[in-house]
Amino acid sequence: MARQATYDRDKVLKSAMDLFWAKGFHATSLKDLEHVLDMRPGSIYAAFGSKEGLFAEALRLYSGKTQAGLADMLSGNGPYLEALANYVRRLGGQNRTEVPSRACMLVKTILEMPDDDPKLRGLAEELIDRMETALERALRMAQLEGELPADADPARLAGRLQAELIGLRAYAQRINAEERVAQVAEDIAQGIEALSVRTA
């Protein structure tokens, strides 16, 4: 009979995600992982195959939580553009005690990994594309509901919004910039609301 895992996989992945998100892949040592996860190297490798395998799982967890946050904002009864704007406001309102890093973990991974990295760089690119697809889907729904003009291009708008969010999250890494970040997020949010053809 196979031995049962003696660790909480969800808890371990959350701890690994927070550590990698804060420090990045290369700056996170095996000793760091041992200490934070309270697991021996052999147990880490048995559970995840490698440091790269653990990081990939952490990236997927991060992406899933990010998309779930967007889906949660879109699940209400309000207009889609209003929900997208409020999602941006939520990102801009995060403080440093709520998250390990205010920069996007996926973008940090792309900046850290070389262009020809087929695994972690490729996975980060794929997960960023999924988020952009989710933004595009929300914008298409807004268009179907008559919030966006019929001649608007949801794919192009999603790309612009994704770029703005990436910039916002990078800007948020600055020290003591919380108030300014919230202001920038509000400007982005108002830009989204200004796309609406509906009148108040």
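Per an unreviewed UniProt entry, the protein goes by TetR family transcriptional regulator and derives from Celeribacter persicus.

## A look at the side chain of Ser101
You can see Ser101 is positioned in the loop between α5 (80-92) and α6 (105-112). By relative accessible area, Ser101 is classed as buried at 4%. Looking at Ser101, its side chain comes within polar contact range of the side chain of Lys108, at 3.2 Å. Discounting chain neighbours no more than four positions away, the residues touching Ser101 are Trp21, Ala22, Lys108 and Gln173.

## Describing the nonpolar core
Ranked by size, the top nonpolar core spans 31 residues in total, and within it Phe20, Leu37, Leu54, Leu59 and Met105 carry the most contacts. Every element with two or more residues in this core is listed here: α1 (9-23), α2 (30-37), α3 (41-48), α4 (51-74), α6 and α7 (120-144). Per element, the largest residue contribution to this core is 7 residues, and it comes from α1. Leu54 has contacts with Leu13, Ala16, Phe20, Leu33, Leu37, Ile44 and Phe48, leaving out every residue within four places of it along the chain.

## Here's the deal with the packing of α2 against α3
In a pair of packed helices, the angle between the axes and the distance between the axes together describe the arrangement. One can describe the packing of α2 onto α3 by two numbers: an axis separation of 10 Å at closest approach and a directional angle of 90°. Between α2 and α3, the angle is such that the two are roughly perpendicular. Between α2 and α3, the residues in contact are Leu30, Leu33, Glu34 and Leu37 and Pro41, Ile44 and Tyr45, respectively. Across the contact of α2 with α3, the residue classes tally to 6 nonpolar, no polar and 1 charged.

Analysis parameters
- Residues numbered from 1 in each chain as written.
- Predicted model: local features only at pLDDT ≥ 70, side-chain atom pairs only at ≥ 80, totals over all residues.
- Heavy atoms only, no water.
- Helix = DSSP H or I, 4+ residues; strand = E, 2+ residues; numbered from the N terminus.
- Buried < 20%, exposed > 50% of the residue type's maximum accessible area, 1.4 Å probe, protein only.
- Polar contact = N/O pair within 3.5 Å; in protein donor to acceptor, adjacent residues only side chain to side chain.
- Contact = heavy atoms within 4.5 Å.
- Core = buried A, V, L, I, M, F, W, Y, C linked by side-chain atoms within 4.5 Å.
- Axes fitted to C-alpha atoms, helices over the stretch in contact; angles between N-to-C directions.
- Parallel < 35°, antiparallel > 145°, perpendicular 65-115°, else oblique.
- Nonpolar A, V, L, I, M, F, W, Y, C, P; charged D, E, K, R; others polar.

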